[in-house]
Amino acid sequence: SILVSAGTDKASEGSGFLYDSSGHIITNEHVVRTAQSIEVSFSSGEKVAGRLVGSDANSDLAVIVVERVPAGVVALRLGDSDRVQVGHQVVAIGNPFGLRGTMSLGIVSGLGRMLSGAPADISGAAYTMPDIIQTDAAINPGNSGGPLLNLAGEVIGVNKAIYSDTGVNSGVGFAIGANVVRRVVTALILTGKCEYPYLGIMGQDEYSMAELQALGVAAQPGVYVVSVLPDGPAAAAGLRGGSTPTRFGALQSGGDVITAVEGLPVLQFSDLLSYLAKNTKVGQMVRLTVWRGGTLLQIDVRLTAR
(Lines give C-alpha, C1' and ligand atoms only; values in the text may rest on other atoms or scores of the structure.)
Protein backbone atom coordinates (compact mmCIF):
# COMPACT_ATOMS: atom_id res chain seq x y z
CA SER A 1 0.00 0.00 0.00
CA ILE A 2 1.03 3.62 -0.50
CA LEU A 3 0.39 6.13 2.28
CA VAL A 4 0.55 9.77 1.22
CA SER A 5 0.82 12.74 3.53
CA ALA A 6 -0.07 16.22 2.27
CA GLY A 7 1.29 17.97 5.34
CA THR A 8 -1.95 17.84 7.32
CA ASP A 9 -3.35 15.46 9.91
CA LYS A 10 -5.05 13.54 7.14
CA ALA A 11 -3.33 11.04 4.88
CA SER A 12 -4.62 9.26 1.79
CA GLU A 13 -3.94 5.65 0.92
CA GLY A 14 -3.69 3.93 -2.43
CA SER A 15 -2.11 0.93 -4.06
CA GLY A 16 0.85 0.22 -6.30
CA PHE A 17 3.21 -2.52 -7.46
CA LEU A 18 6.94 -3.02 -7.96
CA TYR A 19 7.95 -2.46 -11.59
CA ASP A 20 11.66 -3.33 -11.54
CA SER A 21 14.57 -4.35 -9.31
CA SER A 22 15.68 -0.70 -9.04
CA GLY A 23 12.78 -0.01 -6.69
CA HIS A 24 10.42 1.76 -9.09
CA ILE A 25 6.77 1.43 -8.13
CA ILE A 26 3.80 2.23 -10.36
CA THR A 27 0.67 3.88 -8.99
CA ASN A 28 -1.95 6.43 -10.04
CA GLU A 29 -1.10 10.12 -10.35
CA HIS A 30 -4.15 11.06 -8.29
CA VAL A 31 -2.83 8.95 -5.40
CA VAL A 32 0.34 11.07 -5.06
CA ARG A 33 -0.93 14.38 -6.49
CA THR A 34 -0.70 16.31 -3.19
CA ALA A 35 2.10 14.28 -1.62
CA GLN A 36 4.63 15.93 0.66
CA SER A 37 5.80 12.56 1.92
CA ILE A 38 5.24 9.01 0.72
CA GLU A 39 5.39 5.80 2.73
CA VAL A 40 5.28 2.38 1.05
CA SER A 41 4.08 -0.62 3.02
CA PHE A 42 4.95 -4.02 1.57
CA SER A 43 2.91 -7.20 2.09
CA SER A 44 5.34 -8.33 4.81
CA GLY A 45 4.41 -5.22 6.80
CA GLU A 46 7.81 -3.62 6.24
CA LYS A 47 7.60 0.12 5.56
CA VAL A 48 10.00 2.11 3.37
CA ALA A 49 10.04 5.80 2.48
CA GLY A 50 9.29 6.58 -1.14
CA ARG A 51 10.16 9.47 -3.47
CA LEU A 52 8.23 10.69 -6.48
CA VAL A 53 10.15 10.14 -9.75
CA GLY A 54 7.57 11.55 -12.14
CA SER A 55 3.84 11.80 -12.69
CA ASP A 56 1.50 12.29 -15.61
CA ALA A 57 -2.02 13.62 -15.06
CA ASN A 58 -3.06 12.85 -18.65
CA SER A 59 -2.77 9.10 -18.12
CA ASP A 60 -3.21 9.24 -14.32
CA LEU A 61 0.05 7.34 -13.84
CA ALA A 62 2.97 8.03 -11.52
CA VAL A 63 6.25 6.38 -10.61
CA ILE A 64 7.78 6.48 -7.15
CA VAL A 65 11.02 4.87 -6.03
CA VAL A 66 12.11 3.31 -2.77
CA GLU A 67 15.78 3.20 -1.81
CA ARG A 68 15.46 -0.35 -0.56
CA VAL A 69 13.34 -3.29 -1.71
CA PRO A 70 12.67 -5.83 1.06
CA ALA A 71 14.08 -9.31 0.64
CA GLY A 72 11.87 -11.66 -1.35
CA VAL A 73 9.91 -8.91 -3.10
CA VAL A 74 9.98 -9.33 -6.90
CA ALA A 75 8.77 -7.06 -9.68
CA LEU A 76 5.60 -7.86 -11.58
CA ARG A 77 5.80 -8.28 -15.34
CA LEU A 78 3.75 -6.10 -17.68
CA GLY A 79 1.73 -8.16 -20.14
CA ASP A 80 0.42 -7.31 -23.60
CA SER A 81 -2.95 -5.58 -23.26
CA ASP A 82 -3.56 -5.95 -27.01
CA ARG A 83 -3.98 -9.69 -26.41
CA VAL A 84 -6.66 -9.24 -23.75
CA GLN A 85 -10.14 -10.35 -24.77
CA VAL A 86 -13.58 -9.79 -23.33
CA GLY A 87 -14.38 -12.73 -21.05
CA HIS A 88 -10.80 -13.31 -19.86
CA GLN A 89 -10.59 -13.85 -16.11
CA VAL A 90 -8.69 -11.17 -14.19
CA VAL A 91 -7.59 -10.48 -10.64
CA ALA A 92 -7.45 -7.05 -8.99
CA ILE A 93 -5.16 -6.60 -5.98
CA GLY A 94 -5.13 -3.54 -3.77
CA ASN A 95 -6.12 -1.96 -0.50
CA PRO A 96 -9.84 -1.07 -0.66
CA PHE A 97 -10.97 0.91 2.39
CA GLY A 98 -7.52 0.29 3.90
CA LEU A 99 -7.94 -3.51 3.86
CA ARG A 100 -4.44 -4.35 2.67
CA GLY A 101 -3.68 -7.14 0.24
CA THR A 102 -7.27 -7.64 -0.89
CA MET A 103 -7.78 -9.75 -4.01
CA SER A 104 -10.93 -9.77 -6.13
CA LEU A 105 -11.75 -11.95 -9.12
CA GLY A 106 -13.72 -11.01 -12.22
CA ILE A 107 -13.69 -10.90 -15.98
CA VAL A 108 -12.82 -8.37 -18.65
CA SER A 109 -16.18 -6.77 -19.41
CA GLY A 110 -15.13 -4.42 -22.20
CA LEU A 111 -12.14 -3.10 -24.16
CA GLY A 112 -11.25 0.16 -25.86
CA ARG A 113 -13.12 2.33 -23.38
CA MET A 114 -12.21 6.02 -23.07
CA LEU A 115 -11.99 8.16 -19.94
CA SER A 116 -11.48 11.90 -19.70
CA GLY A 117 -8.26 12.96 -18.00
CA ALA A 118 -7.88 15.85 -15.59
CA PRO A 119 -6.07 18.62 -17.50
CA ALA A 120 -7.50 20.56 -20.41
CA ASP A 121 -5.61 21.87 -23.44
CA ILE A 122 -5.85 25.38 -24.84
CA SER A 123 -9.18 24.50 -26.47
CA GLY A 124 -10.64 23.64 -23.08
CA ALA A 125 -10.86 19.94 -23.97
CA ALA A 126 -9.59 17.40 -21.47
CA TYR A 127 -7.23 14.67 -22.66
CA THR A 128 -9.11 11.47 -23.44
CA MET A 129 -7.35 8.34 -22.22
CA PRO A 130 -7.68 5.44 -24.68
CA ASP A 131 -7.07 1.71 -24.24
CA ILE A 132 -9.06 1.47 -21.01
CA ILE A 133 -10.02 -2.01 -19.84
CA GLN A 134 -13.42 -2.44 -18.19
CA THR A 135 -13.78 -5.16 -15.56
CA ASP A 136 -16.34 -6.40 -13.08
CA ALA A 137 -13.63 -7.37 -10.58
CA ALA A 138 -14.44 -5.44 -7.40
CA ILE A 139 -12.55 -2.13 -7.36
CA ASN A 140 -13.20 0.31 -4.53
CA PRO A 141 -11.58 3.40 -2.96
CA GLY A 142 -8.02 2.39 -2.05
CA ASN A 143 -7.60 0.11 -5.09
CA SER A 144 -6.29 3.02 -7.18
CA GLY A 145 -2.86 2.26 -8.63
CA GLY A 146 -3.01 -1.47 -7.96
CA PRO A 147 -2.47 -4.11 -10.65
CA LEU A 148 -5.09 -5.85 -12.75
CA LEU A 149 -3.58 -9.26 -13.50
CA ASN A 150 -4.33 -12.09 -15.87
CA LEU A 151 -4.22 -15.66 -14.60
CA ALA A 152 -0.55 -15.94 -15.66
CA GLY A 153 0.31 -13.25 -13.10
CA GLU A 154 1.03 -10.58 -15.71
CA VAL A 155 -0.12 -6.99 -15.19
CA ILE A 156 -2.55 -6.17 -17.99
CA GLY A 157 -3.70 -2.88 -16.48
CA VAL A 158 -3.43 -0.40 -13.62
CA ASN A 159 -6.69 0.01 -11.72
CA LYS A 160 -7.92 3.58 -11.92
CA ALA A 161 -11.58 4.19 -11.28
CA ILE A 162 -15.09 2.86 -10.95
CA TYR A 163 -18.39 3.95 -12.39
CA SER A 164 -20.82 4.26 -9.52
CA ASP A 165 -23.74 6.36 -8.34
CA THR A 166 -22.91 5.57 -4.72
CA GLY A 167 -19.10 5.82 -4.62
CA VAL A 168 -18.63 2.09 -4.08
CA ASN A 169 -18.27 -0.80 -6.49
CA SER A 170 -21.18 -1.46 -8.84
CA GLY A 171 -19.47 -3.95 -11.13
CA VAL A 172 -17.97 -1.41 -13.53
CA GLY A 173 -14.27 -0.77 -12.93
CA PHE A 174 -11.62 0.66 -15.21
CA ALA A 175 -7.90 -0.01 -15.64
CA ILE A 176 -5.28 1.67 -17.83
CA GLY A 177 -4.04 -0.85 -20.41
CA ALA A 178 -0.54 -2.23 -19.92
CA ASN A 179 0.73 -1.12 -23.33
CA VAL A 180 -0.05 2.52 -22.52
CA VAL A 181 1.41 2.03 -19.03
CA ARG A 182 4.66 0.70 -20.48
CA ARG A 183 5.23 3.76 -22.68
CA VAL A 184 4.29 6.30 -20.02
CA VAL A 185 6.29 4.67 -17.23
CA THR A 186 9.41 4.35 -19.41
CA ALA A 187 9.24 8.09 -20.15
CA LEU A 188 8.63 9.01 -16.51
CA ILE A 189 11.65 7.02 -15.34
CA LEU A 190 13.90 8.49 -18.03
CA THR A 191 12.77 12.13 -17.98
CA GLY A 192 10.19 12.57 -15.21
CA LYS A 193 7.48 13.50 -17.71
CA CYS A 194 5.62 12.13 -20.71
CA GLU A 195 4.85 13.83 -24.03
CA TYR A 196 1.78 12.87 -26.03
CA PRO A 197 1.51 12.94 -29.82
CA TYR A 198 -1.19 15.44 -30.73
CA LEU A 199 -3.41 15.34 -33.81
CA GLY A 200 -5.68 18.29 -33.05
CA ILE A 201 -9.16 17.07 -33.89
CA MET A 202 -12.33 16.50 -31.90
CA GLY A 203 -14.59 13.51 -32.40
CA GLN A 204 -16.79 11.03 -30.59
CA ASP A 205 -17.62 7.35 -30.71
CA GLU A 206 -21.40 7.21 -30.55
CA TYR A 207 -23.85 8.60 -33.10
CA SER A 208 -27.49 7.75 -33.69
CA MET A 209 -28.63 6.63 -37.14
CA ALA A 210 -30.38 9.97 -37.59
CA GLU A 211 -27.21 11.88 -36.72
CA LEU A 212 -25.14 9.85 -39.18
CA GLN A 213 -27.69 10.52 -41.92
CA ALA A 214 -27.67 14.24 -41.13
CA LEU A 215 -23.86 14.23 -41.34
CA GLY A 216 -23.99 12.40 -44.66
CA VAL A 217 -21.76 9.57 -43.50
CA ALA A 218 -24.29 6.86 -42.67
CA ALA A 219 -22.68 4.32 -45.02
CA GLN A 220 -19.05 5.28 -44.35
CA PRO A 221 -17.37 3.66 -41.31
CA GLY A 222 -14.59 5.61 -39.68
CA VAL A 223 -13.93 8.59 -37.42
CA TYR A 224 -16.02 11.64 -38.24
CA VAL A 225 -14.03 14.84 -37.66
CA VAL A 226 -16.38 17.02 -35.62
CA SER A 227 -13.93 19.91 -35.62
CA VAL A 228 -10.29 20.72 -36.33
CA LEU A 229 -8.53 22.73 -33.66
CA PRO A 230 -6.89 25.95 -34.92
CA ASP A 231 -3.10 25.92 -35.36
CA GLY A 232 -2.92 22.17 -34.71
CA PRO A 233 -1.25 19.50 -36.86
CA ALA A 234 -4.51 18.41 -38.48
CA ALA A 235 -5.35 21.99 -39.47
CA ALA A 236 -1.88 22.47 -40.94
CA ALA A 237 -2.30 19.28 -42.99
CA GLY A 238 -5.66 20.40 -44.37
CA LEU A 239 -8.12 18.17 -42.52
CA ARG A 240 -11.64 19.54 -42.38
CA GLY A 241 -14.17 19.53 -39.59
CA GLY A 242 -17.92 19.94 -39.89
CA SER A 243 -19.05 23.39 -41.08
CA THR A 244 -22.68 23.09 -42.22
CA PRO A 245 -25.40 23.32 -39.53
CA THR A 246 -27.69 20.33 -38.97
CA ARG A 247 -30.83 19.97 -36.88
CA PHE A 248 -28.68 18.44 -34.13
CA GLY A 249 -27.49 21.65 -32.50
CA ALA A 250 -23.70 22.02 -32.54
CA LEU A 251 -23.20 18.94 -34.73
CA GLN A 252 -22.27 20.13 -38.23
CA SER A 253 -21.95 18.19 -41.47
CA GLY A 254 -19.24 18.42 -44.10
CA GLY A 255 -16.37 17.06 -42.00
CA ASP A 256 -13.81 14.52 -43.13
CA VAL A 257 -14.08 10.86 -42.14
CA ILE A 258 -10.79 9.19 -41.16
CA THR A 259 -11.00 5.56 -42.28
CA ALA A 260 -7.42 4.40 -41.60
CA VAL A 261 -4.15 5.43 -40.00
CA GLU A 262 -0.96 4.07 -41.57
CA GLY A 263 -3.13 1.65 -43.53
CA LEU A 264 -4.82 0.20 -40.45
CA PRO A 265 -8.63 0.60 -40.41
CA VAL A 266 -10.16 2.75 -37.68
CA LEU A 267 -13.84 2.25 -36.96
CA GLN A 268 -14.25 4.64 -34.07
CA PHE A 269 -12.51 7.49 -32.30
CA SER A 270 -11.10 5.23 -29.58
CA ASP A 271 -9.30 3.15 -32.23
CA LEU A 272 -7.52 6.26 -33.52
CA LEU A 273 -6.58 7.50 -30.05
CA SER A 274 -5.26 4.08 -29.04
CA TYR A 275 -3.08 3.85 -32.13
CA LEU A 276 -1.59 7.30 -31.52
CA ALA A 277 -0.95 6.60 -27.82
CA LYS A 278 0.69 3.22 -28.35
CA ASN A 279 2.45 3.47 -31.70
CA THR A 280 3.51 7.05 -32.41
CA LYS A 281 5.77 9.73 -30.99
CA VAL A 282 6.04 13.51 -31.12
CA GLY A 283 7.41 14.71 -34.47
CA GLN A 284 6.39 11.58 -36.36
CA MET A 285 4.61 11.83 -39.69
CA VAL A 286 1.50 9.67 -39.93
CA ARG A 287 -0.58 8.97 -43.02
CA LEU A 288 -4.35 9.19 -42.67
CA THR A 289 -6.80 7.77 -45.18
CA VAL A 290 -9.65 10.26 -45.37
CA TRP A 291 -13.06 10.05 -47.01
CA ARG A 292 -14.16 13.48 -48.25
CA GLY A 293 -17.34 13.86 -50.27
CA GLY A 294 -17.07 10.48 -51.97
CA THR A 295 -13.30 10.61 -52.58
CA LEU A 296 -10.59 8.80 -50.62
CA LEU A 297 -7.53 10.96 -49.90
CA GLN A 298 -4.15 10.26 -48.34
CA ILE A 299 -3.16 13.05 -45.95
CA ASP A 300 0.15 13.17 -44.07
CA VAL A 301 0.11 14.83 -40.65
CA ARG A 302 3.17 15.59 -38.53
CA LEU A 303 2.28 15.07 -34.89
CA THR A 304 3.25 17.68 -32.34
CA ALA A 305 3.34 17.51 -28.55
CA ARG A 306 0.07 17.96 -26.77
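The structure this text deals with has already been given above.
Conventions we followed
- Residues numbered from 1 in each chain as written.
- Predicted model: local features only at pLDDT ≥ 70, side-chain atom pairs only at ≥ 80, totals over all residues.
- Heavy atoms only, no water.
- Helix = DSSP H or I, 4+ residues; strand = E, 2+ residues; numbered from the N terminus.
- Rg over C-alpha atoms; globule rule 2.2 N^0.38 Å.
- Contact = heavy atoms within 4.5 Å.
- Areas by Shrake-Rupley, 256 points an atom, 1.4 Å probe, with all protein chains shown as cover.
- Lys, Arg positive; Asp, Glu negative; His and termini not counted.
- Charge placed at Lys NZ, Arg CZ, Asp CG, Glu CD.
- Core = buried A, V, L, I, M, F, W, Y, C linked by side-chain atoms within 4.5 Å.
- Buried < 20%, exposed > 50% of the residue type's maximum accessible area, 1.4 Å probe, protein only.
- Phe/Tyr/Trp six-rings, centres within 6.5 Å; stacked < 30°, edge-to-face > 60°.
- Expected span 1.5 Å × (residues − 1).
- Axes fitted to C-alpha atoms, helices over the stretch in contact; angles between N-to-C directions.
- Parallel < 35°, antiparallel > 145°, perpendicular 65-115°, else oblique.
- Left-handed = near helix turned anticlockwise from the far one by under 90°.
- Nonpolar A, V, L, I, M, F, W, Y, C, P; charged D, E, K, R; others polar.
- Polar contact = N/O pair within 3.5 Å; in protein donor to acceptor, adjacent residues only side chain to side chain.
- Pairing = 2+ DSSP bridges.

Looking only at helices and strands, the protein chain features five helices and 24 strands. Since a compact globule built from 306 residues should have a radius of gyration of about 19 Å, the 21 Å found for the protein chain is in line with a globular shape. The C-alpha extent of the protein chain, read off along each of the three principal axes, is 65 × 35 × 35 Å. The contacts in the protein chain between residues at least 6 apart in sequence include a share of 61% that link residues at least 24 apart. By element, 52% of the accessible surface of the protein chain is carried by carbon and sulfur atoms, the whole surface being about 14400 Å². Treating the 21 positive side-chain charges of the protein chain as one cloud and the 25 negative ones as another, the clouds have centres 3 Å apart.

In this structure, Ile26, Leu61, Val181 and Val184 are the most contacted members of the largest nonpolar core, which totals 21 residues. Taken together, the elements giving at least two residues each to this core come down to β7 (61-66), β10 (126-135), β12 (155-162), β13 (173-177) and α2 (178-191). Counting residues per element, this core draws most heavily on α2, at five residues. Leu61 has contacts with Ile26, Thr27, Asn28, Glu29, Ser55, Asp56, Val158, Ile176, Val181, Val184 and Leu188, leaving out every residue within four places of it along the chain.

Another point: the packing of aromatic side chains. Evaluated as defined, the whole model comprises one aromatic pair. An angle of 90° between the planes, with centres 6.4 Å apart, marks the rings of Tyr207 and Tyr224 as edge-to-face. Pair noted here: Tyr207 is in the loop between β15 (201-202) and α3 (209-215) and Tyr224 is in strand β16 (residues 223-224), with a separation of 17 residues, a long-range link. For the pair Tyr207 and Tyr224, a shared accessibility class is recorded, and that class is buried.

Helix length check: α2 (14 residues) gives 20 Å between terminal C-alpha atoms against 20 Å at 1.5 Å per residue, within 8%. What α2 keeps buried is the set Ala178, Asn179, Val180, Val181, Val184, Val185 and Leu188. Downstream of α2 by one or two residues, Gly192 has phi in the positive range, about 85°.

Before going further, it helps to examine helix α5 (residues 269-279). Counting buried residues in α5 gives nine out of 11 residues, a clear majority hidden from the surface. Among all positions of α5, only Phe269, Ser270, Leu272, Leu273, Ser274, Tyr275, Leu276, Ala277 and Lys278 are buried.

Where α2 meets α5, the closest approach of the two axes is 9 Å, and the angle between their N-to-C directions is 40°. Taken together, the axes of α2 and α5 lie oblique to each other. Here α2 runs over α5; the crossing is left-handed. Here Asn179, Val180 and Arg183 of α2 come into contact with α5, specifically with Leu276, Ala277, Lys278 and Asn279. Classifying every residue of the contact of α2 with α5 by side-chain character gives three nonpolar, two polar and two charged.

On the secondary structure map, Ser81 appears in the loop between β7 and β8 (89-94). The class for Ser81 is buried, based on a relative accessible area of 6%. Beyond its immediate sequence surroundings of up to four residues, Ser81 is in contact with Asp131, Ile133, Ile156, Gly177, Ala178 and Asn179.

With that settled, consider unusual backbone geometry. Even without being glycine, Phe97 reaches a positive phi, approximately 55°. You can see Phe97 is positioned in the loop between β8 and β9 (102-120). By relative accessible area, which is 52% here, Phe97 ends up exposed. The backbone phi angle of Asp131 is positive, close to 60°, even though this residue is not glycine. Given the relative accessible area of 9%, Asp131 is considered buried.

Locating Gly110 in the fold gives a position in strand β9. By relative accessible area, Gly110 is classed as buried at 4%. Along the backbone, Gly110 and Arg183 are 73 residues apart, and their C-alpha atoms lie at a distance of 22 Å. With residues up to four places along the chain from it excluded, the contact list for Gly110 reads Val86, Ile132, Ile133 and Gln134.

Here Asn95 shows up in the loop between β8 and β9. Side-chain polar atoms of Asn95 contact the side chain of Ser15, separated by 3.0 Å. Within polar-contact distance, the side chain of Asn95 engages the backbone nitrogen of Gly101 at 3.1 Å. In contact with Asn95, other than residues within four places in its own chain, are Ser1, Gly14, Ser15, Arg100, Gly101, Pro141, Gly142 and Asn143.

Before going further, it helps to examine the sheet that holds strand β5 (residues 37-41). On the basis of which strands lie adjacent, the open sheet formed by seven strands has the order β2-β1-β5-β6-β7-β4-β3 and antiparallel pairing. This sheet does not close on itself; its edge strands, each paired only once, are β2 (11-14) and β3 (17-18). Bridging between strand β6 (residues 47-56) and β7 involves six bridges; their strand directions are antiparallel. The residue bridging Leu52 from the neighbouring strand is Ile64, located in β7. Lying over the sheet, α2 contacts β4 (24-27), β6 and β7, oriented at roughly 50° with respect to β7.

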